[in-house]
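Residue-level structural notes
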Amino acid sequence: MGFEELLEQVGGFGPFQLRNVALLALPRVLLPLHFLLPIFLAAVPAHRCALPGAPANFSHQDVWSEAYIPREPDGTLSSCLRFAYPQALPNTTLGEERQSRGELEDEPATVPCSQGWEYDHSEFSSTIATESQWDLVCEQKGLNRAASTFFFAGVLVGAVAFGYLSDRFGRRRLLLVAYVSTLVLGLASAASVSYVMFAITRTLTGSALAGFTIIVMPLELEWLDVEHRTVAGVLSSTFWTGGVMLLALVGYLIRDWRWLLLAVTLPCAPGILSLWWVPESARWLLTQGRVKEAHRYLLHCARLNGRPVCEDSLSQEAVSKVAAEERAVRRPSYLDLFRTPRLRHISLCCVVVWFGVNFSYYGLSLDVSGLGLNVYQTQLLFGAVELPFKLLVYLSVRHAGRRLTQAGTLLGTALALGTRLLVSSDMKSWSTVLAVMGKGFSEAAFTTAYLFTSELYPTVLRQTGMGLTALVGRLGGSLAPLAALLDGVWLSLPKLAYGGIALLAAGTALLLPETRQAQLPETIQDVERKSVPTSLQEEEMPMKQVQN
């Protein structure tokens, strides 16, 4: 008897599983609030050099502005330069005096802003870019982008740590660690007194939040039967979409970056309390030989699901037999993901897919400019478009399968980005439509990746495998903000990079095995016993013939 048979007795989908999904909804809402927070936290409003005697109204462009601030080739006032000397208009008294002294030049000299900047506070009262003494603009704009990279680098490291530790010490215990760490480090970030302190605390916050990305999906999945994994996975992913749209509302209501960061961090407190009702994974408990605890959770699941199961029909001896089979498997390591042919093939393909999914998703999500809408409208639209695409995922994975859905959504992302390169900058409506379509496809690819990857790895390596793929995925997420700086080389180069990587990931997804209607593998042997991809079969056939 395997765990699937035990789960069938107590109910693989019912009130117990629905309660579990509801209790784990909060981490899914918190993730986009933090992951996409740089859209508001690191926003760069219009700015110009701070000069003595500047008009109080930022948008007021008068003779004074013309005298002190040069214009860019597109006619806008420069954000990073000022004239070395006031350039009064020739027809003014000051201009005639300076002309008589020979101080007016055809191409007047410009210098960087030496006295700081003045910012337009009509949209944001404060961001990390406008923070006093930080001024992450012009020559320092790289540090602004780097803040997002540091955060995702923290997520990358945290994914490895939480993936390994949750396989060792349990999902529920590490979820508590993730909640507490996120709360403490988020509060420290909001109280940062310097950019260095902010960068360090945000990096550590990213490491803590990685626990949510690694633990929540498998903790739900390991209590679900095969038939209902898809609907539960898509239902759970809608909480991410809710968080994306909620961020637009919270960002609109709270315009100061410190209070905004505080607002998205404090919900961790009720999340800690909710863990009292979150069950540990019975699958994991059995792999650790903790039969009594697993038996207790299974009986609790049966009672909530209304299954007429007593201790005789679900005996501890039967559970012990399943646990004995699981204990025969040694503790996992990351090397186990590459020891056997089929797992090695799965792991290599998954890391490419996850890199492409994250790189394209965050490249699209963090670029909300140039669409003819303000940042709040764009964020709300980007969130709303995810809902119909999640429905598309639900229908597609059930009928077309996981593999084709994964490849198709990544291909849709690449095509949307590629087509957007061909659209003129004057056609903002078409550019907006393509950006929204690309965002929808990239979110669909993300939703499919979580479901697909969780089904590919066996129980004993599921968290470790998710940790590896999330690690490489977060590497893609951390590089996405830096890739945006490539617009200094060629304006379209960032979009070309995002689309090209998505296309590569789409092709790689086709090399993975299909998992639709398949039972979750329990051990490495379960994975290796399944039929390998055609390419591997061709490689192994000569070896079998030699052995025969």
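Since this is a predicted model, take the numbers as computed values, not measurements.

Concerning the overall build of the protein chain
- The helix and strand tally for the protein chain stands at 25 helices and four strands.
- Relative to all contacts within the protein chain whose residues are 6 or more apart in sequence, the contacts with residues 24 or more apart total 80%.
- Carbon and sulfur atoms provide 62% of the accessible area of the protein chain, an area that totals close to 23,300 Å².

Side note on the nonpolar core
- In terms of nonpolar packing, the biggest core is built from 117 residues, with Phe-35, Ile-128, Leu-175 and Tyr-362 touching the most fellow members.
- Ranked by residues supplied to this core, first place goes to helix α17 (residues 341-365) with 13 residues.
- If sequence neighbours within four positions are ignored, Phe-35 has contacts with Phe-151, Phe-152, Val-155, Leu-209, Thr-213, Trp-240, Tyr-362, Leu-366 and Arg-474.
- Among the nonpolar cores identified, the runner-up in size contains 17 residues, and Trp-223, Val-291, Ala-294 and Ala-302 belong to it.

Here we look at the UniProt feature "transmembrane region" (unreviewed entry) in the protein chain
- UniProt's feature table lists "transmembrane region" (unreviewed entry) at residues 146-165, 177-198, 204-224, 231-253, 259-278, 346-364 and 376-397, given in the numbering used throughout.
- Secondary structure content for residues 146-165 is 100% helix and 0% strand, and the end C-alpha separation is 28 Å.
- Taken end to end, residues 376-397 has its terminal C-alpha atoms 32 Å apart, with 95% of it in helix and 0% in strand.

Observations regarding the packing of aromatic side chains
- Inspection of every chain in the model, using the stated rule, returns 26 aromatic pairs.
- Ring centres 4.8 Å apart and planes at 65° place the aromatic pair Phe-16 and Trp-223 in the edge-to-face group. With Phe-16 in helix α2 (residues 15-23) and Trp-223 in the loop between α9 (195-221) and α10 (229-253), this residue pair connects regions lying 207 residues apart in the sequence.
- Relative accessible area serves as the criterion here: at 1%, Phe-16 is assigned to the buried category.
- Here a set of aromatic residues connected by ring pairs shows up, and it is made of Phe-35, Phe-151, Phe-152, Trp-240, Trp-354, Tyr-361, Tyr-362, Phe-446 and Tyr-450.
- In this structure, Arg-255 packs its charged tip against the face of Tyr-252, placed 4.8 Å from the ring centre.

Focus on the pattern of salt bridges
- Evaluated as defined, the whole model comprises eight salt bridges.
- The partner of Arg-28 in a salt bridge is Glu-220, with the nearest N and O atoms 3.4 Å apart. With Arg-28 in helix α3 (residues 25-35) and Glu-220 in helix α9, this pair connects stretches of sequence that are 192 residues apart. Considered together, Arg-28 and Glu-220 belong to a single accessibility category, that of buried residues.
- Across the salt bridge formed by Glu-455 and Arg-402, the nearest N and O atoms sit 2.9 Å from each other. In this pair, Glu-455 is assigned in helix α21 (residues 428-456) and Arg-402 in helix α20 (residues 402-422), connecting sequence segments 53 residues apart. Summarising the burial analysis for this pair, Glu-455 and Arg-402 share the class buried.

The rules behind the values
- Residues numbered from 1 in each chain as written.
- Predicted model: local features only at pLDDT ≥ 70, side-chain atom pairs only at ≥ 80, totals over all residues.
- Heavy atoms only, no water.
- Helix = DSSP H or I, 4+ residues; strand = E, 2+ residues; numbered from the N terminus.
- Contact = heavy atoms within 4.5 Å.
- Areas by Shrake-Rupley, 256 points an atom, 1.4 Å probe, with all protein chains shown as cover.
- Core = buried A, V, L, I, M, F, W, Y, C linked by side-chain atoms within 4.5 Å.
- Buried < 20%, exposed > 50% of the residue type's maximum accessible area, 1.4 Å probe, protein only.
- UniProt positions renumbered as here; feature names shortened; annotations may be inferred.
- Phe/Tyr/Trp six-rings, centres within 6.5 Å; stacked < 30°, edge-to-face > 60°.
- Lys NZ or Arg CZ within 6 Å of the ring centre and 35° of its normal.
- Salt bridge = Lys/Arg side-chain N within 4 Å of Asp/Glu carboxyl O.

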